[in-house]
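What follows is each chain in one-letter form.
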Amino acid sequence: EFLRWESTTSSTSSSWNGFYDIIWRANLVLSRAPAVQFSVAEERDTLMAEARFLRGYAHFVLTKLYDDVPLLMSEEDHADYRVARTPWAQVQAAAIQDLTAAEAVLPATRPLNQLGRATKGAAQMAFADLYQWRSSFRGSGEWQQASDWAKKVIDGGTYSLRDDYLSTFLPANHGNAEMIWVVPSSGVDGRTSMNLGCLILPRALGFNSNGGCEVLGQPTAWHYGSYIAGDYRHAATYRTG
């Protein structure tokens, strides 16, 4: 990708719209769930923690993509589409508060039929990502925090690397131990609302099947030729016919 994007292209707007949809729905849950009677009170706590994870993660990724962005922390904040941008550091401070609250409550695991639901490891992964990005891109020097949160994921015992690189991505292995948090999408039955995901390879490109990022998912010649000779990932990743 040469990233020849403008403010009007879907590669810019769809990620913005998608993450703010997440924030809107999370704010609805956090605003209204306290008034809902649950037969099991812990279920409400878990749902609210999940909403805080999603809101925090969305705000964090938005700062990675767009720098300063609107910080929307309540239903009322969505009333005016002209809301001003908030400095990225303040947005991330709010994201850290959300992720901290979520990490304390979210369950360690989910059943396979809840693939995509947030877990404690997902919040820890988000922290590792946040501090790694701040240390590398922002030069904040918070490498120890990045390492500490990544080690929490490793030491938790829920996740592990698979022996075969390709096996992680095969549909038959959805929900395997290498997947910390995923957004399930078939790539065939309709399309994902955020084509940010189309930039992640490998995936089923879905040529002529009404789905699967037919353009964005295609590697450049530079990318295709960038592997060291004999690298198994080269043969496993690309479909050439």
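Now for a look at the structure at hand. (Residues numbered from 1 in each chain as written. Predicted model: local features only at pLDDT ≥ 70, side-chain atom pairs only at ≥ 80, totals over all residues. Heavy atoms only, no water.)

**Overview of the nonpolar core**
Grouped together as the largest cluster of nonpolar side chains are 31 residues, with contacts concentrated most on Phe53, Leu62, Leu106 and Tyr131. Where this core is concerned, the elements lending two or more residues are helix 1 (10-32), helix 2 (41-66), helix 3 (88-105), helix 4 (120-136) and helix 5 (143-155). Top contributing element to this core by residue count: helix 4, with nine residues. Look past the residues within four positions of Tyr131 in its chain and what remains in contact with it is Ile96, Glu142, Gln145, Ala146 and Trp149. (Core = buried A, V, L, I, M, F, W, Y, C linked by side-chain atoms within 4.5 Å. Buried < 20%, exposed > 50% of the residue type's maximum accessible area, 1.4 Å probe, protein only. Helix = DSSP H or I, 4+ residues; strand = E, 2+ residues; numbered from the N terminus. Contact = heavy atoms within 4.5 Å.)

**Digging into the side chain of Glu75**
Within the secondary structure, Glu75 sits in the loop between helix 2 and helix 3. Looking at Glu75, its side chain comes within polar contact range of the side chain of Arg32, at 2.9 Å. Not counting chain neighbours up to four residues away, the residues in contact with Glu75 comprise Trp24, Asn27, Leu28, Ser31 and Arg32. (Polar contact = N/O pair within 3.5 Å; in protein donor to acceptor, adjacent residues only side chain to side chain.)

**Focus on the packing of helix 2 against helix 4**
Orientation of helix 2 relative to helix 4, taken along the N-to-C sense of each, is 20°, at an axis distance of 11 Å. Considering their axes alone, helix 2 and helix 4 lie roughly parallel with respect to each other. Helix 4 is crossed by helix 2, and the crossing has left-handed handedness. Only Ala122, Ala123, Met125, Ala126, Asp129, Leu130 and Trp133 of helix 4 make contact with helix 2, whose side of the interface consists of Phe53, Tyr57, Phe60, Thr63 and Lys64. Classifying every residue of the contact of helix 2 with helix 4 gives nine nonpolar, one polar and two charged. (Axes fitted to C-alpha atoms, helices over the stretch in contact; angles between N-to-C directions. Parallel < 35°, antiparallel > 145°, perpendicular 65-115°, else oblique. Left-handed = near helix turned anticlockwise from the far one by under 90°. Nonpolar A, V, L, I, M, F, W, Y, C, P; charged D, E, K, R; others polar.)

**Some details on the packing of aromatic side chains**
Ring pairs (aromatic) are described by centroid distance and by the angle formed between their planes. Per the stated rule, a full pass over the model turns up 10 aromatic pairs. Plain terms: the ring middles of Trp88 and Trp133 are 6.2 Å apart, the flat faces sit at 85° to each other, and that makes the pair edge-to-face. Taken together, the positions of Trp88 in helix 3 and Trp133 in helix 4 put the pair 45 residues apart, joining distant regions of the chain. Residue class for Trp88 comes out partly exposed when judged on its relative accessible area of 21%. (Phe/Tyr/Trp six-rings, centres within 6.5 Å; stacked < 30°, edge-to-face > 60°.)

**Some points on the environment of Leu106**
As for its position among the elements, Leu106 is in the loop between helix 3 and helix 4. Residue Leu106 is classed as buried on the basis of its relative accessible area, which comes to 2%. Taking C-alpha positions, Leu106 is 9.1 Å from Ala122, a pair spaced 16 residues apart along the chain. Setting aside its immediate chain neighbours within four residues, Leu106 contacts Thr46, Ala49, Glu50, Phe53, Ala118, Thr119, Lys120 and Ala123.

**Considerations on the pattern of salt bridges**
For the structure shown, the criterion picks out 11 salt bridges. With a closest N to O distance of 3.5 Å, Arg110 and Glu50 form a salt bridge. Here Arg110, found in the loop between helix 3 and helix 4, pairs with Glu50, found in helix 2; they are 60 residues apart in sequence, far enough to count as distant. Glu50 matches Arg110 in its accessibility class, with the two residues each being buried. A salt bridge links Arg55 to Asp98; the shortest N-O distance between them is 2.8 Å. Of this pair, Arg55 sits in helix 2 while Asp98 sits in helix 3, and the two are 43 residues apart along the sequence. Of the two residues, Arg55 and Asp98, neither departs from the other in class, the shared state being buried. The network of salt bridges with shared partners includes Glu50, Arg110 and Arg117. (Salt bridge = Lys/Arg side-chain N within 4 Å of Asp/Glu carboxyl O.)

**Considerations on unusual backbone geometry**
Backbone geometry places Asp67, a non-glycine residue, at a positive phi of 70°. For Asp67, a relative accessible area of 31% translates into the label partly exposed.

**With respect to the environment of Asp155**
Residue placement: Asp155 occurs in helix 5. Since its relative accessible area comes to 52%, Asp155 is described here as exposed. Here the side chain of Asp155 touches Lys151 through a polar contact of 2.6 Å, side chain to side chain.

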